[in-house]
2 protein chains.
Amino acid sequence: MSRNRVLVTGISGFIGRHVVAPLLQRGFEIHGLSSGPPAPATDDRIRMHQANLLQSGAPAAAISAIKPSHLLHLAWTQSTARMHLVLDNVAWARASLALFQAFAEQGGRRAVFAGSCAEYDWDYSLLIEDITPSRPRSIYGTCKNAVREIVQSASPSADVSAAWARIFYLYGPHEPPGRLVSDVAAAIATGRAVELTHGLQERDYLHVADAAEALAALLASDAAGTINVASGTAIPIRRIAEILALHANRADLLSFGRRPSPAGDPPRLVGDITRLRREIDFVPHHQLEDGLVATLKWWTHHLAPTEMPANTNR
Amino acid sequence: MSRNRVLVTGISGFIGRHVVAPLLQRGFEIHGLSSGPPAPATDDRIRMHQANLLQSGAPAAAISAIKPSHLLHLAWTQSTARMHLVLDNVAWARASLALFQAFAEQGGRRAVFAGSCAEYDWDYSLLIEDITPSRPRSIYGTCKNAVREIVQSASPSADVSAAWARIFYLYGPHEPPGRLVSDVAAAIATGRAVELTHGLQERDYLHVADAAEALAALLASDAAGTINVASGTAIPIRRIAEILALHANRADLLSFGRRPSPAGDPPRLVGDITRLRREIDFVPHHQLEDGLVATLKWWTHHLAPTEMPANTNR
């Protein structure tokens, strides 16, 4: 077995696309798993494998074929809409356990799993690993947290070093639609009005490339247990929308207070990043305002050929 | 789909053997699943199916073949020794989720899962559903509890009525070796000495036939959520060994204090049975002393042909 061969699930996804560079930089031999048709690798230093992890036997078959020493498990049900489909989440919990089991059985040494800040009890605003209680509200958070409990309980005896990254709110290129930054940036990029809640909720936002950098560093380390991947700073989501709109000089497109907040929407969520700083010496590269402006540019460029009429100067 | 067709996993196991009668009594059409070779059904009113639920695709295939309206999921890793093998427990968690997913997808309506008192925080002695915290110490309790979290979170949207039975300490015929009553009764039945801890730990013991009766009643009800299956009374395990030995007039075989208690062994564990009484009107049939004496007789009869020399009068 190669000593630095990593299997990255969900490599074509939002985080997965950004994790290739920092993994290569750390000398990993990258094997990417994607459920889509055998797409050309985005980088010829990646070996791509096609597999639908939800198919019975697929996780064990992938591990057998690749024999990874390292595992970075990012894949989960895709769109934000599907994240609420309960049986999809159950299926991903099952597939994640199958992947972990096969990885451990076949001698895998180091694994990092993508968890979520949705595993925490959101009655608290300061979310600290091993201190703030876990009490997920959603089926998504429940399934992630249940897999975490099993992985963390089983890893020591299974001789796998495992870290569980609780990833907070992300933004950046390739973000799926249906989220704050992707929806607001796409609206502004195409000149459409966008209706928002009051926007006073404070959330902890990190650039996806910073999160990917943290995950790669975490994989290369031997830090174990739960670790927040966050900025450590909360910002009102209203401010995020405003940064995007003001940069394009289109504050007129934003209508705050036109959509109701979800019932029980927590006023503030911020991740404590003491562990992230101490154990992997992580410092984000992207300052929020610059990162948002760059993301807006990406959306503007990305949406231009398909969604904007070709012959206008709008 | 038949409206009262139940799939019972682990039907050849300790609880499974005892659950057939109370299910038949309630008019269920029983389909039993067993991983062993196609054994003759213990009752010709049971249809037996052979499947190893740990094999990829086996849970979904079983549900497809049987199309049950009801599910009683008792199967888990078998022996007490294997209960500590971490990856066995991970595999059973995965298989249980696959079973639940397939059951829900194919229109199953009512499911009862075998959980465990090992899901509770044993720093408490009184274990009450939804009040005493869940904080399993073992990989067994962790995996059971994680499956419970997912099943309970997913069931309402998946349109499955689900109850999670937290089963306490059981005794009775067919108990696997390696547990208190099976080991002490087998020793006494064969005239062997047995070394015990101090035996002052109080535990909640229920006859397996009573537990099976409760599970069948639970399946036929629509009680949802977590429900203790227990006697509601704790007894020092020393007293249990003494009842068995005194009945055989072999108190000389017991040596208390000769084995160390496990580190952190809780002094007292007792299940609150308010829900069990109220929601399914359950009353145990077996008084502990009578049940233990009957169990000792079963062991004596059961062990006679194989373990006792045929021509002695010992």
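Further up the page is the structure itself.
This section reports on the structure supplied with the text. Within any chain, residue numbers begin from 1 and follow the written order of that chain's sequence. Key to labels: chains lettered from A, ligands numbered from 1, both in the order written. Local features in a predicted model are, by the rule used here, given only for residues with pLDDT of at least 70; side-chain atom pairs are given and counted only at 80 or more, and totals for whole chains, interfaces and linings are based on all residues. Side-chain calculation: all heavy atoms of the structure are included, whereas hydrogens and water are not.

Description of the environment of Gly10(A)
All names here are of chain A. Counted only if it meets this: The numbering of helices and of strands both runs from the N terminus, where a helix is a DSSP run of H or I of at least 4 residues and a strand a run of E of at least 2. Two residues form a contact once any of their heavy atoms are found within 4.5 Å.
Along the chain, glycine 10 falls in the loop between strand 1 (5-9) and helix 1 (16-25). Separated by 87 residues in sequence, glycine 10 and leucine 97 place their C-alpha atoms 16 Å apart. Apart from the residues lying within four places of it in its own chain, the contact partners of glycine 10 are Gly16, Leu33 and Ala75.

Description of the packing of aromatic side chains
Residue and element names in this part refer to chain A. Our working definition: A pair of aromatic rings is counted whenever rings of Phe, Tyr or Trp (Trp by its six-membered ring) have centres within 6.5 Å, and the orientation is called stacked for planes under 30 degrees apart, edge-to-face for over 60 and tilted otherwise. Accessible area is worked out with a 1.4 Å probe on protein chains only. A residue is then buried under 20% of its type maximum, exposed over 50%, and partly exposed in between. Our definition puts a charge over a ring when NZ of Lys or CZ of Arg is within 6 Å of the ring centre and also within 35 degrees of the ring normal.
According to the stated counting rule, one finds 14 aromatic pairs over all chains in the structure shown. Here tyrosine 120 and phenylalanine 168 contribute two aromatic rings whose centre-to-centre distance is 6.3 Å and whose plane-to-plane angle is 50°, an arrangement assigned as tilted. Pair noted here: tyrosine 120 is in the loop between strand 5 (110-116) and strand 6 (126-127) and phenylalanine 168 is in the loop between strand 7 (161-167) and strand 8 (169-171), with a separation of 48 residues, a long-range link. Like tyrosine 120, the residue phenylalanine 168 is buried in the burial classification. Here the aromatic cluster, defined as three or more aromatic residues joined through ring pairs, consists of Trp76, Trp92 and Tyr140. For arginine 166, the ring lying beneath its charged end belongs to tyrosine 120, and the centroid distance is 4.2 Å. Across the ring face of phenylalanine 256, the terminal group of arginine 238 is positioned such that the distance to the ring centre comes to 4.2 Å.

Structural notes on the relation of the copies chain B and chain A
We count it as follows: Only residues with pLDDT of at least 70 in both copies count here: their C-alpha atoms drive the least-squares fit that superposes the copies.
Note on the identical chains: chain B maps onto chain A by a rotation of 180° and an axial translation of 0.0 Å, with an RMSD of 0.0 Å. These values place the two chain copies in the arrangement generated by a two-fold rotation axis. A shared interface surface links the copies, since 100% of the contact residues of chain B are contact residues in chain A too.

Side note on the packing of helix 4 (residues 139-158) of chain A against helix 4 (residues 139-158) of chain B
To describe two helices that pack against each other, one gives the angle between their axes and the distance between the axes. Selection criterion: Axes, fitted as lines to C-alpha atoms, cover a helix only where it is in contact. Angles between the N-to-C directions of the axes lie from 0 to 180 degrees. Each angle is binned into one of four classes, with values under 35 degrees roughly parallel, values over 145 roughly antiparallel, values of 65 to 115 roughly perpendicular, and all other values oblique. When residues are grouped by polarity, Ala, Val, Leu, Ile, Met, Phe, Trp, Tyr, Cys and Pro land in nonpolar, Asp, Glu, Lys and Arg in charged, and all others, Gly among them, in polar.
Closest axis-to-axis distance for the helix 4 of chain A/helix 4 of chain B pair is 9 Å, and the angle between their directions is 175°. By the angle between their axes, helix 4 of chain A is roughly antiparallel relative to helix 4 of chain B. Contact with helix 4 of chain A, carried on its side by Ile139(A), Thr142(A), Cys143(A), Ala146(A), Glu149(A), Ile150(A), Ser153(A) and Ala154(A), involves Ile139(B), Thr142(B), Cys143(B), Ala146(B), Glu149(B), Ile150(B), Ser153(B) and Ala154(B) of helix 4 of chain B and no other residues of that element. Tallied by class, the residues present in the contact of helix 4 of chain A with helix 4 of chain B amount to 10 nonpolar, 4 polar and 2 charged.

With respect to the sheet that holds strand 5 of chain A
Residue and element names in this part refer to chain A. Operational definition: A pair of strands counts as paired when DSSP detects no fewer than two bridges linking them.
Pairing in this open sheet of 7 strands is parallel, and the strands run 3-2-1-4-5-7-11 from one edge to the other. With one partner strand each, in any of the chains shown, strand 3 (46-50) and strand 11 (225-229) form the two edges of the open sheet. Strand after strand, the sheet turns through a mean of 20° between neighbouring axes, direction not considered. Inspection of the sheet shows strand 7 paired to strand 11 by 5 bridges, in the parallel sense.

Digging into the interface of chain B and chain A
Here is the rule we go by: The term salt bridge refers to a side-chain nitrogen of Lys or Arg lying within 4 Å of a carboxyl oxygen of Asp or Glu. The term polar contact refers here to a pair of N or O atoms within 3.5 Å; inside protein, the definition further demands a hydrogen-donor-capable atom paired with an acceptor-capable atom, and it admits residues adjacent in sequence only when both atoms are side-chain atoms.
Listed per partner, the contact involves 25 residues of chain B and 25 residues of chain A. Taken together, chain B and chain A are joined by 0 salt bridges. The tally of links between chain B and chain A comes to 4 residue pairs in polar contact (both at pLDDT 80 or more). Residues of the side of chain B that touches chain A, tallied by class, amount to 15 nonpolar, 7 polar and 3 charged.

Some words on the pattern of salt bridges
Per the stated rule, a full pass over the model turns up 30 salt bridges over all chains. Here Glu202(B) makes a salt bridge to Arg268(B), at a shortest N to O gap of 2.8 Å. Remark: Arg268(B) occurs in the loop between strand 14 (254-255) and strand 15 (270-271) and Glu202(B) occurs in strand 10 (residues 202-203); sequence separation between them is 66 residues. Among the residues examined, Arg268(B) registers a relative accessible area of 31% and is labelled partly exposed. Each of the salt bridges in this network shares a partner with another, and the network as a whole consists of Asp121(A), Asp123(A), Arg135(A) and Arg137(A).

Side note on helix 4 of chain B
Definition in use: By this rule, a helix spans an expected 1.5 Å times one less than how many residues it contains.
Over its 20 residues, helix 4 of chain B extends 27 Å from the first C-alpha to the last, a length consistent with the 28 Å expected when each residue adds 1.5 Å. Once helix 4 of chain B finishes, Asp159(B) follows within two positions and takes phi at roughly 60°, a positive value.

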